[in-house]
Amino acid sequence: MDAGCPRLPDTVLFEIFLYLDHTDVLSVGLVCQQWRAVARDEFLWKELFYRYYRVSRDVPRHPGAVSWYDEFQRLYDTIPCVEVQALKEHNDQVLHLSFSHSGCLFASCSKDCTVKIWSNELDISLQHSSNMRPYNWSYTQFSQFNSDDSLLLVSGVFVGPHNSSSGEIAVISMENFTLLSRVRNKPYDVFGCWLNETNLISGNLHRIGRITSCSVLWLNNAFQGIESENVNVVKRLFKIQNLNASTIRTVMVADCSRYDSPDLLLDYEEQLAASSTCPVFDLGSDSEEEEAKPKPPLEPAIQELPDAGGVPAEHGLQQLFDGIVEGHVRPAMTETELETKVAELFVRNRTKPPEPNLLPTDSNSKTKYLIFTTGCLTYSPHQIGIKRILPHQMTTAGPVLGEERRSDEFFDSLDHVIDIHGHIIGMGLSPDHRYLYVNSRAWPRDCIISDPMQPPPIAEEIDLHVFDLKTMKEVKRALRAHRAYTPNEECFFIFLDVSKDFVASGAEDRHGYIWDRHYNICLAKLQHDNVVNSVAFSPVEQELLLTASDDTTIKVWRSPRAVRVRQARRPRPRKLLFSWLLNQKS
């Protein structure tokens, strides 16, 4: 505080900021002669920040902040909460949005069975629209640009013989918007994703029994129609057994190369010790230090059965059948339980063991994680499966159908499984791929699932969990504010997105939501007239956010600061009119 400059009472400043609109705050600041001195009063702004945003006082200031005044202004002025445009070119529910990596384009998918490409200029405009109905699609549901923005992956629901529905992935060239290839994708909510510039991942599902199945994940070359005569264009990545009616869905790829240099560390203690070297987490670790820390139990991908006295799985299977015939097996075993028990015994010695821990410690690591939803108790997705993809697996060249494995290794095991204890309805990665954000609707505490076809009821509140993919642990408390109302059998995916400082999500309560990643606080509610299905931040400008809704519109939101900058760039009609009048008088 400058000497001789009287300080405004704290109560006055709190009144200004708690009850006046932001534009009024700025005008007060401009006319107040004391403002520059007040802005340098760190203690005052710290108190104001914690009280206004209701942040716990044990949360430190954002590591990138210069002062509490700048931090207060950042949260007040850089949140994309001002609606600047509504795009109404779709004529049915808009399900998904995705930006190109350059931020110059974005794609939208809809129940009207089109994928539309938009140009992100001063005013957003439609550049191209592809109708997928000629290919027997019912609707488009997901899209993703490859790393150099030359190709667009579009996922949709394909209507097959006898009106059976499956999924299909189309690859569209961004040079001339031509369709390059189509890949079958089952079930359709696998969605699909890019592994690298020219290879994408799809899924297939094989039924083994009533509640037992096998998911196969395939690596596909995007240029199948062009290269199929000369080189391999498809290769099996993984084959994983599913129990109790579960399946693999919602695949995505995380790049491990930036784990040691993330955009934002969410662990406050790790922020303070950021200069020290962080240990690399062993996915297979069972050290005493790991065991000593209390944490929720993580279900293994393939659960171990009770010890059978060291007998091989084949003998165990025979003993099970003999026990059933001789009446030794408990009569309470249902047909579903019997199928699950047989499947577990069958898979015990027929699963390829996990790879040894090969996660490098250097930042040039080429290792990637395949992340997907799965389960072990019921058909509702309630677990996150993680499987490492090694460098030699990232191409369709080489053995086509997993020839490198032994003949008795039918299935692949997972490297890690995270149990959510609820129905997973959305996932998204931070830009640096260090953190995984998960939307879920919780099951009742201590619920017991006796029938895999009847999952527990789910909560209306949506929990937004955050997991550190370097340590495989949940960080921070779950974020809350958004809600959903559909029951288990009608539950659908709500896409979320993460920027450097913010995370946003849709909801069934007709709003999109924005939270601050560091402070774990909800900053804005963005209104629509129906369910908000998807949100997307511009990857180069986090003050620009898109929301897509069942009300058939895409809304464009910018921050108050961005709106002021854009308005300053626009020509002012009044000045032109005034000049014209002066010319007329002369």
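The paragraphs below set out a description of the structure included in this document. (Residues numbered from 1 in each chain as written. Predicted model: local features only at pLDDT ≥ 70, side-chain atom pairs only at ≥ 80, totals over all residues. Heavy atoms only, no water.)

**Digging into the nonpolar core**
Then, in step 1: Judged by nonpolar contacts, the single largest core of 25 residues is most densely connected at Phe-49, Tyr-53, Val-55, Ile-514, Tyr-519 and Leu-545.
Then, in step 2: Taken together, the elements giving at least two residues each to this core come down to α4 (42-53), α5 (68-77), β25 (502-505), β27 (521-527) and β28 (532-538).
Then, in step 3: The contact partners of Ile-514, leaving out residues within four places of it in the chain, are Ile-79, Pro-80, Phe-502, Val-503, Ala-504, Ile-521, Cys-522, Leu-523, Ala-524, Leu-526 and Leu-545. (Core = buried A, V, L, I, M, F, W, Y, C linked by side-chain atoms within 4.5 Å. Buried < 20%, exposed > 50% of the residue type's maximum accessible area, 1.4 Å probe, protein only. Helix = DSSP H or I, 4+ residues; strand = E, 2+ residues; numbered from the N terminus. Contact = heavy atoms within 4.5 Å.)

**Section: α4**
Then, in step 1: Taking 1.5 Å per residue as the helical rise, α4 with its twelve residues ought to reach 16 Å, and the 16 Å between its terminal C-alpha atoms agrees with that figure.
Then, in step 2: Taken as a whole, α4 has its buried residues at Leu-44, Trp-45, Leu-48, Phe-49, Tyr-50 and Tyr-53.
Then, in step 3: A positive phi of about 55 degrees marks Arg-54, the residue just after α4. (Expected span 1.5 Å × (residues − 1).)

**What to know about the packing of aromatic side chains**
In this description, an aromatic ring pair is defined by two values, namely the gap between the centres and the angle between the planes.
Then, in step 1: Counted under the stated rule, the structure contains 22 aromatic pairs.
Then, in step 2: Between the aromatic rings of Trp-45 and Phe-72, the centroid separation amounts to 5.5 Å while the plane-to-plane angle is 65 degrees, which identifies the pairing as edge-to-face. Taken together, the residues Trp-45 in helix α4 and Phe-72 in helix α5 connect sequence positions 27 residues apart.
Then, in step 3: A relative accessible area of 2% means that Phe-72 is categorised as buried.
Then, in step 4: Measuring from ring centre to ring centre gives 5.1 Å for Phe-49 and Tyr-53, while their planes differ by 50 degrees; the resulting arrangement is tilted. With a gap of four residues between them, Phe-49 and Tyr-53 both fall in helix α4, about one helical turn apart. With respect to burial, Phe-49 and Tyr-53 carry one shared label: buried.
Then, in step 5: An aromatic cluster is defined as three or more aromatic residues linked by ring pairs; in this entry it consists of Trp-45, Phe-49, Tyr-50, Tyr-52, Tyr-53, Trp-68, Tyr-69, Phe-72, Tyr-76 and Tyr-519.
Then, in step 6: The ring of Tyr-139 has Lys-111 lying over it, and the distance from NZ or CZ to the ring centre is 5.0 Å.
Then, in step 7: Above the plane of the ring of Phe-158 lies Arg-184, whose end atom (NZ or CZ) is 4.2 Å from the centre. (Phe/Tyr/Trp six-rings, centres within 6.5 Å; stacked < 30°, edge-to-face > 60°. Lys NZ or Arg CZ within 6 Å of the ring centre and 35° of its normal.)

**Topic: the pairing of strand β17 (residues 383-389)**
Then, in step 1: Judged by how many residues are buried, β17 sits mostly within the fold: seven of seven residues are covered.
Then, in step 2: The alternating pattern of β17 places Gln-383, Gly-385, Lys-387 and Ile-389 on one face and Ile-384, Ile-386 and Arg-388 on the opposite face, and all of these are buried.
Then, in step 3: The pairing of strand β16 (residues 368-374) with β17 spans seven bridges and is antiparallel. Across the sheet, Phe-372 pairs through a bridge with Gly-385, a residue of β17.
Then, in step 4: Examined bridge by bridge, β17 and strand β19 (residues 416-419) share four bridges and lie antiparallel to one another. From the neighbouring strand, Gly-385 faces β19, where its bridge partner is Val-417. (Pairing = 2+ DSSP bridges.)

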